[in-house]
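Letter by letter, the chains look like this.
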Amino acid sequence: NASISSSYLWNTCKLLRLTKNMRLTVGSSASDAEEIKQFAKWLLDIGEGNVGGPNDGEASIEIPSDLLITDTSDPISTLIDFVYPSILENFNNQNYFSERAILAPKNEVVHEINDRLLSLFPGEEREYLSSDSLCQSEDPNATQQKLYSPDVLNGLKVSGLPNHRLALKVGVPVMLLRNIDQQNGLCNGTRLQVKKMYNRVIEAEIISGGNIGTRTYIPRISLIPSDKKIPFEFQRRQFPLAVCFAMTINKSQGQSLSRVGLYLKQPVFTHGQLYVALSRVKTRQGVKLLILDNDGKPTNKTTNVVYKEVFRDL
């Protein structure tokens, strides 16, 4: 009922239908037309919940074998090699990171992949720790101060907020977590590459959006999480950055990529998430899925979540 098609305003809206997948067709040759058409139809069927029989809600679907990673010895390494081939030779290439990403539904899996790739990366690691404190508006009493000591606040991992410990190396791709300067392309979701690390600022180069190649300096800023699950207000002073070899599916919306690895350690959990992840890519050859079953073994089945009432009156 929260979707716009359920609103009383819907009857006065003009409905425009999109009929062509531009991401797949731009720059393609006529010989690939049939394959592109079939892949575009399959993507649309996933988005509308028509794969594996009509469903409303959650349904188990089978993924074509050519899109799967089936290596059982070290499937995560195979996924990393597909998305980031020859990473140590190419990390100085400006376009290398802007065109590729590993996607996963949840932050904890994203952090796991990012930590693994960061450890493979050459160069000296530098650690930046945040300064966390309760907001003054909370009027913290002595009990609260003890309950929510800096150590407790440091341990909180909140969506949309940088972690207490931010480990970086020169050349690593990072994502901006806040709008800093929208006119110059520094928005939430912008990807950058670390060029130099100082004590109080990080020098980085923009690698996504309309300002690619621009050098900028990112300062530490005070951030207050908007997550209502936290029963108190606190602020974290940290660089608004996260390493982004991997990112969540939600963060990838709006991006066009030539290489996408989708890591489904757990299945997707919200409407349209699987469609968003698979449709980031420009060609069928540019996407691979690693789906793990309950025993951690690669499988070809996963969950697709589509609530048909969202498409009501369309």
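Coordinates for the structure precede this section.
This next bit is on the overall build of the chain. Each helix and strand in the chain was counted, giving nine helices and 16 strands. Since a compact globule built from 314 residues should have a radius of gyration of about 20 Å, the 21 Å found for the chain is in line with a globular shape. A principal-axis box enclosing the C-alpha atoms of the chain has dimensions of 60 × 55 × 45 Å. Out of the 314 residues belonging to the chain, those deemed buried represent 43%. Long-range pairs, those at least 24 residues apart, make up 68% of the contacts in the chain with a sequence separation of at least 6. When the accessible surface of the chain is summed, it comes to about 16800 Å², and 49% of that surface belongs to carbon and sulfur atoms. Computed over 36 positive and 33 negative side-chain charges, the separation of the two mean positions in the chain equals 4 Å.

Here helix 6 (residues 107–120) is 14 residues long and its end C-alpha atoms lie 20 Å apart, about the 20 Å a rise of 1.5 Å per residue gives. Residues of helix 6 that are buried: Val-109, Val-110, Ile-113, Asn-114, Leu-117 and Leu-118. Down the axis of helix 6, the buried side of the element spans an arc of 165 degrees, and every buried residue falls inside it. Turned more than 90 degrees away from the buried face of helix 6, the exposed residues are Glu-108, Asp-115 and Ser-119.

Estimated volume of the largest pocket: approximately 1200 Å³. Together, 33 residues line the largest pocket, and Leu-18, Thr-19, Leu-44, Glu-48 and Tyr-275 are the ones closest to its centre. Secondary structure elements with two or more residues in the lining of the largest pocket: helix 1 (22–25), helix 2 (33–48) and helix 9 (273–278). It is helix 2 that contributes the most residues to the lining of the largest pocket, eight residues altogether. Its residues assigned to classes, the lining of the largest pocket comprises 15 nonpolar, 11 polar and seven charged. The space that makes up the second largest pocket amounts to roughly 850 Å³. Lining the second largest pocket we find 34 residues, and of these Asn-107, His-111, Leu-161, Asn-163 and Ala-242 sit closest to its centre. Listing elements by their share of the lining of the second largest pocket, those giving two or more residues are helix 6, strand 5 (165–168), strand 12 (241–243) and strand 13 (246–248).

Calculation rules
Residues numbered from 1 in each chain as written. Predicted model: local features only at pLDDT ≥ 70, side-chain atom pairs only at ≥ 80, totals over all residues. Heavy atoms only, no water. Helix = DSSP H or I, 4+ residues; strand = E, 2+ residues; numbered from the N terminus. Rg over C-alpha atoms; globule rule 2.2 N^0.38 Å. Buried < 20%, exposed > 50% of the residue type's maximum accessible area, 1.4 Å probe, protein only. Contact = heavy atoms within 4.5 Å. Areas by Shrake-Rupley, 256 points an atom, 1.4 Å probe, with all protein chains shown as cover. Lys, Arg positive; Asp, Glu negative; His and termini not counted. Charge placed at Lys NZ, Arg CZ, Asp CG, Glu CD. Expected span 1.5 Å × (residues − 1). Arc of directions from axis to C-beta. 1 Å grid on protein atoms, 1.4 Å probe; cavity = no way out; pocket = protein on both sides within 12 Å on 5 of 7 lines; lining within 4 Å. Points joined across faces, edges and corners; volume = space filled by probe spheres on them. Nonpolar A, V, L, I, M, F, W, Y, C, P; charged D, E, K, R; others polar.

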